[in-house]
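Structural characterization, general
So the chains spell out like this:
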Amino acid sequence: MQTVTHREAMNDATEPGNDRQPVATPAATRSSVPLPPGHTTVGTVTTETPLITCRGVNVFYGDKQAIRHVSIDIARKQVLAMIGPSGCGKSTFLRCINRMNDTIPGARVEGHIAIEGQDIHDKSVDVVQLRARIGMVFQKPNPFPKSVYENVAYGPRIHGLAGDRAELDEIVHTSLRRAGLWEEVKDRLQQPGTSLSGGQQQRLCIARAIAVNPEVILMDEPCSALDPIATARIEDLMDELRESYAIVIVTHSMQQAARVSQRTAYFHLGDLIEVGPTDKIFTNPSHKLTEDYITGRFG
Amino acid sequence: MNSTSEARAEGASRVVLRTAAATQAIVAASIRRRNRAEWRFRAYGLLAVSAGIAFVLFLFGTIIGQGVSVFRQAYVELPIYLDPQIIDPDGTRAAEVLQTADYQSLIRSALRERFPEIEGRRNLRELYSIISSAAFIDLQRRVVADPALVGQRLRVDLLADDAVDSLLKGRTSRESPEQERRLTDQQLGWIDALAADGSLRLKFNREFFGNGDSRDPEQAGIRGALMGSLLTLLITLLLSFPIGVAAAVYLEEFAPRNRVTDIIEVNINNLAAVPSIVFGLLGLAVFIIFFGLPRSAPLVGGLVLTLLTLPTIIIASRAALKGVPPSIREAALGMGASKIQTVAHHVLPLALPGMLTGTIIGMARALGESAPLLMIGMVAFIVDVPQSVFDSATALPVQVFLWSDLPERGFVERTSGAIIVLLLFLLIMNATAVILRNRFEKRW
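The rules behind each value
Residues numbered from 1 in each chain as written. Chains lettered and ligands numbered in written order. Predicted model: local features only at pLDDT ≥ 70, side-chain atom pairs only at ≥ 80, totals over all residues. Axes fitted to C-alpha atoms, helices over the stretch in contact; angles between N-to-C directions. Helix = DSSP H or I, 4+ residues; strand = E, 2+ residues; numbered from the N terminus. Parallel < 35°, antiparallel > 145°, perpendicular 65-115°, else oblique. Left-handed = near helix turned anticlockwise from the far one by under 90°. Contact = placed C-beta atoms within 7 Å. Nonpolar A, V, L, I, M, F, W, Y, C, P; charged D, E, K, R; others polar. pLDDT = per-residue confidence, 0-100. Core = buried A, V, L, I, M, F, W, Y, C linked by C-beta atoms within 7 Å. Buried ≥ 20, exposed ≤ 12 C-beta atoms within 10 Å, placed from the backbone.

With that settled, consider the packing of helix 15 (residues 326-334) of chain B against helix 16 (residues 339-367) of chain B. How two helices sit against one another is set out by the angle between their axes and by the gap between those axes. All names here are of chain B. At a closest axis distance of 9 Å, the pairing of helix 15 and helix 16 adopts a crossing angle of 155 degrees. One element, helix 15, and the other, helix 16, form an angle in the roughly antiparallel class. Where helix 15 crosses over helix 16, the two elements pack in a sense that is right-handed. Contacts between helix 15 and helix 16 involve I328, R329, A332 and L333 from the former and Q341, T342, H345, H346, V347 and L350 from the latter. Its residues assigned to classes, the contact of helix 15 with helix 16 shows five nonpolar, four polar and one charged.

Next up, the structure:
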């Protein structure tokens, strides 16, 4: 549908936004990266402190377009929640940010995604380095079938972050502590990570992600396989981690989005419908579709 | 249109209006039919399984019934005087002299000593033929190994003739007329006398496990064939495992999905179904005729069997790689592991048990294969036990094939005996595969 590629869009973008965007705030005009034409998202997609900027992102699986023309900023020290009905492209978009879609045969990503102004699709960017900067936690807890220690030590090991054994111990220790898991596993670091409970496994995965000291943590429905108690622990953890990292979370639970996030993005059938401060989205959404979803009319 | 929809509504209502009892009756009738069908299906299944078990039992029964006696062999224990006058008259004790000495005459004089009453050339020849004509080989081997034995009196187990052996095992009858027997009445008398004082007995058959092939059944053993099989399998394993695993990893983890890889995949699957004799022909054309490698050598056998087992190993390894959950790959890639690190650190260790299982099953198939080895000349009559992969050799299944052609009773027994050894190896390999799978299969 959108035949203009993002680069052309960038060059032609003499006028950011368009007439169909009623709520362009002054913050949007101050943003360093202009919005491409054809931008239809309601609300403020830009932020004061953008770490990652996405402009006009399209994803195709073969001939099928999974997400259309998504533009959004991801801010530092903030949790961005992405909500929407199943199959609306939230996870697909999340996986664009650390280029995990590269691993899916037939997947094609168009558009401009930059971290601190550096295009992540640029030839000079190594995908390995990118993923070290942008950690990811998956829907199903997926610890490696190795010991708890080895799970956390894996990232620092492959990236050569620890000079010696003591330093590695220190990293493992700190990461487990920050993930709120240390007290529970300190006596069984050598036991397999898969022997932990589901909630512990997910926190182990978070510890594993923060062990390489990333700037962003992407979470793809991290609590959908967990019980309410484990979920509450992870949510508390997210609140703490927000002090140091930018967090993007995909969730099916609107309550969870409301509890943990500062900004919320609503996706619908591959379109980014509305972005705004979480309290505004949940109390006074601007778009009809958002309102229908929030009020439980569908989804 | 209106009328049809009305009719449909009416039909629907008729079904709905059926009484609960009437519905139950219809269901009950169909349940009886369904139960009968299920019972019938179970009976067919049970029948098929029992037929299978019966055939396996019959197979094992006949093979073990015919072959288990091969592990024991008739030996005559006689005191033998290692006469220095005959073995080494000059007293040099040189290996060459000891090698070529006339041990046969020592055995004969021991026999004459045991039966001093027998006279006449014909009678003596009958007496001598109780002992295998190859019995001296063992004596010669012992003396060459230890020259100090010369001049001593030794009690030696002499290999009996295969006619004596089969008589002792009850395979030939004493009752048939003398002309139809291989043993005369007076030979039977001597055999009884030797058996009565305990010098003629069935003992562990060291020839069967220690010798190569022979024209005399009592001398023929499986050691040559076993060594040939082991050397061949060694080559096969060394080549097919790394190549197969590398190919599987590349195809599964790295290769782009396109027409070329599709064609490769189809070809691998087809190769797995190619008759093994075709691989033999290929080996003959490529390795022996084109590359000029030695005929009948385990090296060429191993190369041919590598071609044969590669598709099996690749298919099994790919299945094992497919079995590794994608979440593990995602976890590693998400951590910033490179593709090769993901495969080497996480995917391969998890897939290895499955790969090893596939490899062992492929090896077991290679061990039982005879047709391709016939094509490359591993079917020759070879007495010497092969010492390297370049020596002429034969393989166990081929040995079975060779012996099964021979008419002597002793070879019938040896055919089954070799099959027992072969099956034992296959059993061990398959058991190893199962144990590996159960022990090292990680759960996640």
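From this point on, the discussion continues.
Looking at chain A as a whole, the pLDDT averages 84, with 89% of positions reaching at least 70. Across residues 1-31 of chain A the pLDDT falls below 50, and counting only partners more than four positions away or on other chains, this stretch makes 44 contacts in the model.

All right, on to the interface of chain B and chain A then. At the junction of the two partners, chain B supplies 16 residues and chain A supplies 20 residues. When contributions to the side of chain B that touches chain A are tallied by element, the ones reaching two or more residues are helix 15 and helix 16 of chain B. With six residues, the single largest contributor to the side of chain B that touches chain A is helix 15 of chain B. A class-by-class count of the residues in the side of chain B that touches chain A yields seven nonpolar, six polar and three charged.

Our next topic: the nonpolar core. Across soluble globular proteins, you tend to see nonpolar side chains buried next to one another. If you look at the biggest cluster of nonpolar residues, it comprises 147 residues, and the most contacted ones within it are M82, V216, I247 and V248 of chain A. The element best represented in this core is helix 14 (residues 298-323) of chain B, accounting for 13 residues. Those residues in contact with I247 of chain A that sit more than four places away from it in its chain are V79, I217, M219, M238, L241 and R242 of chain A. Grouped together as the second largest cluster of nonpolar side chains are 30 residues, I87, I131, A135 and L194 of chain B included.

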